[in-house]
Amino acid sequence: MKRSQLFLPLVLVAVAGTILVARAADAPKAQPAKTPWKIVGQLEEACSCSAACPCWFGSKPTRMTCGGGQFLFIEKGTYGSVPLDGLAVGDMVESPEGKTMMESFGSFKFSYVYVDEKATPPQREALMAIAKVIGSDSSPKKEVRQVAITRTIQGKEHTITLGQYGKFSGHLIEGGLGGAVKIVNPPGADPLHKEYEQGTTTQIAYNDAGNDWHFENSNYMFGTFQLDSEMYDKYAAGLAQKMAQQKKN
């Protein structure tokens, strides 16, 4: 075979190889595997709205804004191989004036995460990741505090403290036919709020994020949860579809 005849196939191979390398460079990078997690425990939540909180029903806040927080007291849990038994995490937020929760997500006035001071560095990172999934990543103004998060229950009264930054207390109310008032699958429900018991606050006191809140006789909610990462992946996909449909309408 002549040199010119041999040279042409070699050139074609080289060009093809260059194209494959270029395509590989332009291909989307594989996303890192998500860390699986699961937690079981109790939810304590309170806000400035009148009970029942209108946010979960797609309505505007009772006051011009909705300010309050949700705290998870984990009985058993893991984030990957990191144990989370006996720890707590939560966030305090405030919505913009005159908007529903769905309209406000991503533009809350602030979203401060409070992580149990008992958490080790790996546990702290795990709790922050879970807090983000359940809604703490709702504002450009974000801070993280590692504080003593405590809960005391005396009779019907539940009291939650956030170190030096505040506390709230509340109790469940009785239904008209007796027993607890339960709210199941409200329009804005996420996996954490698919069912909860309704109550009223005795007080909310909060002095962080430039605020000095003092509310009473407002919304208080108590619930139990069994949550995991797979559940929230499905919820996020469904929520994205709902929001896309709202934009079209």
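Values in this document were obtained by computation on a predicted structure and should not be read as measured data.

Novice: How do you make sense of the pattern of salt bridges when you look at a structure like this?
Specialist: Side chains carrying opposite charge are able to pair once their charged atoms draw close together. Enumeration according to the criterion identifies eleven salt bridges in this entry. Across the salt bridge formed by E125 and R124, the nearest N and O atoms sit 3.8 Å from each other. Classification of R124 as partly exposed rests on a relative accessible area of 24%. One salt-bridge network, held together by shared partners, links E94, E97 and K109.

Novice: I keep staring at the side chain of N219 and nothing clicks. Help me out?
Specialist: When you line up the elements, N219 lands in strand β13 (residues 219-228). Within polar-contact distance, the side chain of N219 engages the backbone nitrogen of C53 at 3.3 Å. With residues up to four places along the chain from it excluded, the contact list for N219 reads E45, A46, C47, C49, S50, A51, A52, C53, Q198, G199 and T201.

Novice: What's the story with empty space enclosed by the protein in this structure? I'm lost.
Specialist: Over the atoms a probe the size of a water molecule is rolled, and this reveals where empty space is left. If you walk through the whole model with that rule in mind, you get one cavity of 30 Å³ or more. Roughly 40 Å³ of internal volume is contained in the largest cavity. Considering the residues around the largest cavity, the lining is formed by Q70, L72, V89, G90, D91, A131, I134, G135 and S136. For the lining of the largest cavity, the elements supplying multiple residues, two or more each, are β2 (67-79), β4 (88-94) and α3 (121-136). Broken down by element, the lining of the largest cavity gets its largest block of residues, four residues, from α3. Each residue belonging to the lining of the largest cavity can be placed in one class, and the counts come to four nonpolar, four polar and one charged.

Novice: Can you walk me through the packing of aromatic side chains in this structure?
Specialist: Scanning all chains against the criterion turns up eleven aromatic pairs. With 6.0 Å between their ring centres and 35° between their planes, W37 and Y232 make a pair best called tilted. Placement of W37 in strand β1 (residues 37-47) and of Y232 in helix α4 (residues 229-248) is noted, with a sequence separation of 195 residues between them. Residue classification places W37 among the buried positions, given a relative accessible area of 5%. Relative to Y114, the ring of F71 has its centre 6.4 Å away and its plane inclined at 40°; by these criteria the two rings are tilted. Of this pair, F71 sits in strand β2 while Y114 sits in strand β5 (residues 110-116), placing them 43 residues apart in sequence. Considered together, F71 and Y114 belong to a single accessibility category, that of buried residues. Cluster of aromatic residues (ring-pair linked, three or more members): F71, F110, Y112, Y114, Y165, F168, Y206, W213 and F215. Directly above the aromatic system of F73 lies the positively charged group of R151, at a separation of 4.6 Å from the ring centroid.

Novice: How should I be thinking about the nonpolar core in this particular structure?
Specialist: What tends to happen in soluble globular proteins is that the nonpolar side chains get buried as a cluster. I39, L72, L84, L127 and L192 are the most contacted members of the largest nonpolar core, which totals 21 residues. If you list the elements that add at least two residues to this core, you get β1, β2, β5, α3 and β13. No other element matches α3, which puts five residues into this core. Contacts of L72, omitting those with residues within four sequence positions, involve I39, Q42, L43, L87, A88, V89, I134, L192 and F225. In this structure, M92, F110, L162 and Y165 belong to the second largest nonpolar core, which totals 19 residues.

Novice: Can you help me understand the confidence of the model for the chain in this one?
Specialist: Detail in the predicted coordinates should be disregarded across regions flagged by low pLDDT. Confidence in the prediction for the chain averages 87 pLDDT; 85% of positions are at 70 or higher. With pLDDT under 50 throughout, residues 1-28 is counted as low confidence; its partners more than four residues away or in other chains account for one contact.

Novice: I'm lost on the pairing of strand β9 (residues 166-172) in this one. Help?
Specialist: Looking along a regular strand, one sees side chains alternate from face to face of the sheet. Alignment of strand β8 (residues 157-162) against β9, held across four bridges, turns out to be antiparallel. Residue pairing for β9: T161 is matched across the bridge by K167. Joining the antiparallel neighbours β8 and β9 is a turn of three residues, in which G163 adopts a positive phi near 55°. When β9 meets strand β11 (residues 195-206), the two strands line up antiparallel, connected through seven bridges. Bridge pairing links H171 to T200 in β11.

Novice: For this particular structure, what's the right way to read the layout of surface pockets?
Specialist: Approximately 1,200 Å³ is the volume found for the largest pocket. For the lining of the largest pocket, the elements supplying multiple residues, two or more each, are β1, β2, β4, α2 (101-104), α3 and α4. Top contributing element to the lining of the largest pocket by residue count: α4, with ten residues. By residue class, the composition of the lining of the largest pocket is 24 nonpolar, 13 polar and nine charged. The calculated volume of the second largest pocket comes to roughly 190 Å³. Lining the second largest pocket we find 13 residues, and of these E195, Y196, G223, T224 and F225 sit closest to its centre.

Analysis parameters
Residues numbered from 1 in each chain as written. Predicted model: local features only at pLDDT ≥ 70, side-chain atom pairs only at ≥ 80, totals over all residues. Heavy atoms only, no water. Salt bridge = Lys/Arg side-chain N within 4 Å of Asp/Glu carboxyl O. Buried < 20%, exposed > 50% of the residue type's maximum accessible area, 1.4 Å probe, protein only. Helix = DSSP H or I, 4+ residues; strand = E, 2+ residues; numbered from the N terminus. Polar contact = N/O pair within 3.5 Å; in protein donor to acceptor, adjacent residues only side chain to side chain. Contact = heavy atoms within 4.5 Å. 1 Å grid on protein atoms, 1.4 Å probe; cavity = no way out; pocket = protein on both sides within 12 Å on 5 of 7 lines; lining within 4 Å. Points joined across faces, edges and corners; volume = space filled by probe spheres on them. Nonpolar A, V, L, I, M, F, W, Y, C, P; charged D, E, K, R; others polar. Phe/Tyr/Trp six-rings, centres within 6.5 Å; stacked < 30°, edge-to-face > 60°. Lys NZ or Arg CZ within 6 Å of the ring centre and 35° of its normal. Core = buried A, V, L, I, M, F, W, Y, C linked by side-chain atoms within 4.5 Å. pLDDT = per-residue confidence, 0-100. Pairing = 2+ DSSP bridges.

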